[in-house]
Amino acid sequence: MNGDEFLAGRFEVERPQLRAVAYRMLGSLAESEDAVQEAWLKLGRSDVSGVKNLGAWLTTVVGRVCLDMLRARTSRREDPLTGSDDRVRIPDPVVSGLSAADPEQEILIADSVGIALMIVLETLSPAERLAFVLHDMFDVPFDEIAAVLDRTPTSTRQLASRARRRVQGATPSADTDVTRKRGVVDAFLAASRGGDFDALLAVLDPAVVARSDGGALLPSLARRGATDVASQAITFARFAQDARVVLVNGSPGVVSFADGRPLSVMSFTVRDGRVTGLDILTDPARLSTLGLTG
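Keep in mind that what you see is a predicted model, and the values were worked out from it rather than measured. (Residues numbered from 1 in each chain as written. Predicted model: local features only at pLDDT ≥ 70, side-chain atom pairs only at ≥ 80, totals over all residues. Heavy atoms only, no water.)

Asker: So what about the confidence of the model for the protein chain? Which residues, and what values?
Answerer: Residues of the protein chain with pLDDT of at least 70 account for 90%, and the chain-wide mean is 89. Under a pLDDT of 50 for its full length, residues 78–84 has, in the predicted model, six contacts with residues more than four places off or in other chains. (pLDDT = per-residue confidence, 0-100. Contact = heavy atoms within 4.5 Å.)

Asker: Any chance you could break down empty space enclosed by the protein for me, citing the residues and the numbers?
Answerer: Within the structure shown, the criterion is met by one cavity of 30 Å³ or more. Its boundaries defined by the atoms lining it, the largest cavity holds a volume of some 30 Å³. Listed by contribution, the elements that provide at least two residues to the lining of the largest cavity are strand S6 (261–271) and strand S7 (274–281). In terms of residue class, the lining of the largest cavity is built from seven nonpolar, one polar and one charged. (1 Å grid on protein atoms, 1.4 Å probe; cavity = no way out; pocket = protein on both sides within 12 Å on 5 of 7 lines; lining within 4 Å. Points joined across faces, edges and corners; volume = space filled by probe spheres on them. Helix = DSSP H or I, 4+ residues; strand = E, 2+ residues; numbered from the N terminus. Nonpolar A, V, L, I, M, F, W, Y, C, P; charged D, E, K, R; others polar.)

Asker: How would you sum up the pairing of strand S4 (residues 242–248)? Please name residues and give values.
Answerer: Burial analysis of S4 places five of its seven residues in the buried class, which makes it a mostly covered element. Across two bridges, the pairing between strand S1 (residues 95–96) and S4 is antiparallel. Within S4, the position partnered with Ser96 by the bridge is Leu247. The pairing of S4 with strand S5 (residues 251–258) spans seven bridges and is classified as antiparallel. By the bridge assignment, Arg244 is partnered in S5 with Val255. Hairpin remark: S4 followed by S5, antiparallel, with two residues in the connecting loop; positive phi at Asn249, about 50°. (Buried < 20%, exposed > 50% of the residue type's maximum accessible area, 1.4 Å probe, protein only. Pairing = 2+ DSSP bridges.)

Asker: Any details on the side chain of Glu14? Residues and values, ideally.
Answerer: Position of Glu14 among the secondary structure elements: in helix H1 (residues 3–26). Under the relative-accessibility criterion, Glu14 is labelled buried at 17%. Ignoring any residue separated from it by four or fewer positions in sequence, one finds Glu14 in contact with Gly55 and Leu58.

Asker: Any chance you could break down the nonpolar core for me, citing the residues and the numbers?
Answerer: Ranked by internal contacts, the top residues of the largest apolar core, which has 62 residues, are Met25, Leu130, Val265 and Leu292. In terms of residue count, the dominant contributor to this core is H1 (nine residues). Ignoring anything within four residues of it in the chain, the contact list for Met25 reads Gly63, Cys66, Leu67, Leu70, Arg129, Leu130 and Val133. Grouped together as the second largest cluster of nonpolar side chains are 24 residues, Leu189, Met266, Val275 and Leu278 included. (Core = buried A, V, L, I, M, F, W, Y, C linked by side-chain atoms within 4.5 Å.)

Asker: Account for the packing of helix H9 (residues 178–194) against helix H11 (residues 226–239), with residues named and values stated.
Answerer: Packed helices, taken two at a time, are described by the angle between their axes plus the distance between the axes. At their nearest, the axes of H9 and H11 sit 8 Å apart, and the two run at 70° to each other. The angle between the axes of H9 and H11 places the two elements in the roughly perpendicular class. When H9 is examined against H11, the residues Phe188, Ser192 and Arg193 are found in contact with a partner set consisting of Ala233, Ile234 and Ala237. (Axes fitted to C-alpha atoms, helices over the stretch in contact; angles between N-to-C directions. Parallel < 35°, antiparallel > 145°, perpendicular 65-115°, else oblique.)

Asker: Lay out the packing of aromatic side chains with the relevant residues and their values.
Answerer: Aromatic rings in a pair are described by how distant their centres are and how their planes are angled relative to each other. Counted under the stated rule, the structure contains two aromatic pairs. Here Phe11 and Trp40 contribute two aromatic rings whose centre-to-centre distance is 5.2 Å and whose plane-to-plane angle is 55°, an arrangement assigned as tilted. You can see Phe11 sitting in helix H1 and its partner Trp40 sitting in helix H2 (residues 29–45), a full 29 residues away along the chain. Taking the relative accessible area as the measure of exposure, Trp40 reaches 29% and is therefore partly exposed. (Phe/Tyr/Trp six-rings, centres within 6.5 Å; stacked < 30°, edge-to-face > 60°.)

Asker: Explain the pattern of salt bridges to me, using residue names and the numbers behind them.
Answerer: Evaluation of the coordinates by the stated rule reveals 18 salt bridges. Between Arg129 and Glu122 there is a salt bridge whose closest N-O contact spans 3.5 Å. Residue Arg129 shares its accessibility class with Glu122, and that shared class is buried. Here Arg211 and Asp279 are joined by a salt bridge, their closest N and O atoms 2.9 Å apart. Separated by 68 residues along the polypeptide, Arg211 in strand S2 (residues 204–214) and Asp279 in strand S7 bring together distant segments of the chain. We note that Arg211, like Asp279, is buried. Because the salt bridges share partners, they merge into one network encompassing Glu31, Arg73, Arg89, Glu122 and Arg129. (Salt bridge = Lys/Arg side-chain N within 4 Å of Asp/Glu carboxyl O.)

Here it is, written out as structure tokens:
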């Protein structure tokens with residue numbers, strides 16, 4: 001085996017972890033693949049003969065690529081979504097069947113990386129997100145992250161600490177028992193399909209917040225309170241010919257279809273047996289890239 005074949009083999013071993021890093025950084029499955037591919041190209045152009053830990057080296061390379069992509073994204077965004085509950089960018093969901101995700105998907109969404117947490121990550125600055133993701137999620141030392149950010153380790157530690165406080169303050173506490181959550185989601189779906197307003201009110205927290213991301217053509221929308229959310233759920237259910245419970249980032253959620261096309265992917269936050277949050281991706285362009293079939 002020559003050197004190129006050896007590096008290619010090592011890279012494939014590291015690829016699932018690199019995708020996981022990129023997904024947490026970017027919230028986009030397609031962009032994550034682009035970032036991993038760019039890391040492969042950088043590996044081919046680099047002399048790594050003196051690198052003792054190729055996996056750690058590749059992780060920082062992917063981190064740097066994602067940082068540049070986030071900064072470019074931020075500079076293009078005229079109306080930032082951060083700081084407004086009514087404007088939200090919902091990250092690409094990882095959708096799988098109810099049995100289990102495949103091994104690469106499991107790595108992608110390990111450590112309870114649900115949609116609610118990914119949305120909070122979207123509110124961080126690119127530097128905060130890098131510091132938090134690499135250190136808190138992948139145990140990369142601060143001195144290595146500092147080199148990527150061109151900051152001191154102390155400054156990088158402060159960035160991660162600030163990001164951690166924001167994540168902890170904005171991520172709602174939620175039930176973690178998958179079976180119980182499945183029961184709540186089943187009840188929500190049955191009530192929506194049946195147009196049972198009272199049953200929906202029973203499964204929704206009085207202060208529930210539902211947020212949708214419709215992409216460029218359909219503006220983001222937030223609805224608050226059980227009455228408003230229940231009314232919208234019944235209205236939307238009339239358009240969906242088929243809705244089924246799936247796993248969305250490893251937690252029970254719902255995919256809805258009409259004429260074989262996906263209409264939405266819904267992610268649920270459940271606390272004390274009631275739905276406290278709904279995050280709904282309805283962007284047709286992004287839904288078409290997820291491989292969902294009716």
